[in-house]
Amino acid sequence: EVQLVASGGGVVQPGGSLRLSCAASGFTFSTYAMSWVRQAPGKGLEWVSSISTGSRITDYADSVKGRFSISRDNAKNTLYLQLNSLKTEDTAMYYCASRLDYGMDTKVDYWGQGTQVTVSS
């Protein structure tokens, strides 16, 4: 059974930082590209970032470029998202997702359960 368990969310002030983690199991993590997708209250899904199987390729939505950083550790079957210079508009549920085909969209194969990030003063 595929499992993607995200953690690391919380409440942070504007300008603050968080590091999200996503522990993967039930599939060969190193053979899947990975993505982070978020959903703000009352809004649709927004692709945030993707990383290729060997970390050679990374991409970011314009809204987070220069502030967020995606990485992965294939030995630990774990995906990360470093969130810096957080803004109130970054408030959302953040989902990790796996995909066989690399892409910069929400067309993924498996979804995790999400971790809430709230940016508020």
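Above this text you will find the structure in question.
Below, the structure is looked at part by part. (Residues numbered from 1 in each chain as written. Predicted model: local features only at pLDDT ≥ 70, side-chain atom pairs only at ≥ 80, totals over all residues. Heavy atoms only, no water.)

**Quick word on the packing of aromatic side chains**
What counts here: A pair of aromatic rings is counted whenever rings of Phe, Tyr or Trp (Trp by its six-membered ring) have centres within 6.5 Å, and the orientation is called stacked for planes under 30 degrees apart, edge-to-face for over 60 and tilted otherwise. Our definition puts a charge over a ring when NZ of Lys or CZ of Arg is within 6 Å of the ring centre and also within 35 degrees of the ring normal.
Per the stated rule, a full pass over the model turns up 5 aromatic pairs. Taken together, Phe-27, Phe-29, Tyr-32 and Tyr-110 form an aromatic cluster joined through their ring pairs. In this arrangement the basic side chain of Arg-72 is found over the ring face of Phe-29, its NZ or CZ atom lying 4.4 Å from the centre.

**Description of the nonpolar core**
Test applied: For the purposes of this section, nonpolar cores are sets of buried Ala, Val, Leu, Ile, Met, Phe, Trp, Tyr and Cys residues that join through side-chain atoms within 4.5 Å. Any residue under 20% of the maximum accessible area for its type is buried, any over 50% is exposed, and the rest in between are partly exposed; the area is computed with a 1.4 Å probe on protein chains only. Helix and strand definitions follow DSSP, with helices as H or I runs of at least four residues and strands as E runs of at least two, each counted in order from the N terminus.
Ranked by size, the top nonpolar core spans 29 residues in total, and within it Trp-36, Phe-68, Leu-79, Leu-81, Leu-83 and Tyr-94 carry the most contacts. When residues of this core are traced back to their parent elements, those giving at least two are β1 (3-7), β3 (18-25), β4 (33-39), β5 (45-51), β7 (68-73), β8 (78-83), β9 (92-99) and β11 (115-119). With 4 residues, β3 is the single largest residue contributor to this core.

**Quick word on the state of the cysteines**
Short version of the rule: The criterion for a disulfide is a pair of cysteine sulfur atoms lying within 2.5 Å.
Applying the stated criterion across every chain, the model contains 1 disulfide. A sulfur-sulfur distance of 2.1 Å marks the disulfide that ties Cys-22 to Cys-96. On the sign convention where negative means left-handed, the S-S torsion of about 55 degrees between Cys-22 and Cys-96 marks this disulfide as right-handed. A residue pair is termed long-range when its members are at least 10 positions apart, and Cys-22 in strand β3 and Cys-96 in strand β9 qualify at 74 residues. On the accessibility criterion, Cys-96 (0% relative accessible area) is buried.

**Looking at the side chain of Thr-91**
Convention followed: Identification of polar contacts relies on pairs of N or O atoms within 3.5 Å, with a donor-acceptor requirement for protein atoms, meaning one able to donate a hydrogen and the other able to accept it, and with residues adjacent in sequence counted only if both atoms are side-chain atoms. A contact between two residues is defined here by any heavy atoms of the two lying within 4.5 Å.
Relative to the helices and strands, Thr-91 resides in the loop between β8 and β9. There is a polar contact of 3.0 Å between the side chain of Thr-91 and the backbone oxygen of Thr-88. Within the structure, Thr-91 has its side chain in polar contact with the backbone nitrogen of Val-119 (distance 2.9 Å). In this structure Thr-91 touches Ala-40, Pro-41, Gln-116, Val-117, Thr-118 and Val-119, once residues within four positions along its chain are discounted.

**Describing the pairing of β7**
Note the threshold: If DSSP finds at least two bridges between two strands, the strands pair.
Side chains of β7 alternate between two faces, with Phe-68, Ile-70 and Arg-72 buried and Ser-69, Ser-71 and Asp-73 left unburied. Bridge count for β7 against β8 is 6 bridges, and the pairing is antiparallel. Of the residues in β8, the one forming a bridge with Arg-72 is Leu-79. If you look at the hairpin formed by β7 and β8, you'll find 4 residues sitting between the two strands, and Asn-77 has a positive phi there, around 50 degrees.

**As for the pattern of salt bridges**
Cut-off, in case you're wondering: In the sections that follow, a salt bridge refers to a side-chain nitrogen of Lys or Arg positioned within 4 Å of a carboxyl oxygen of Asp or Glu.
The final tally for this structure, using the stated rule, is 5 salt bridges. Put simply, Arg-38 and Glu-46 hold a salt bridge, and the shortest N to O gap is 2.7 Å. Note on Arg-38: relative accessible area 5%, which makes it buried. Owing to a relative accessible area of 29%, Glu-46 belongs among the partly exposed residues under this scheme.

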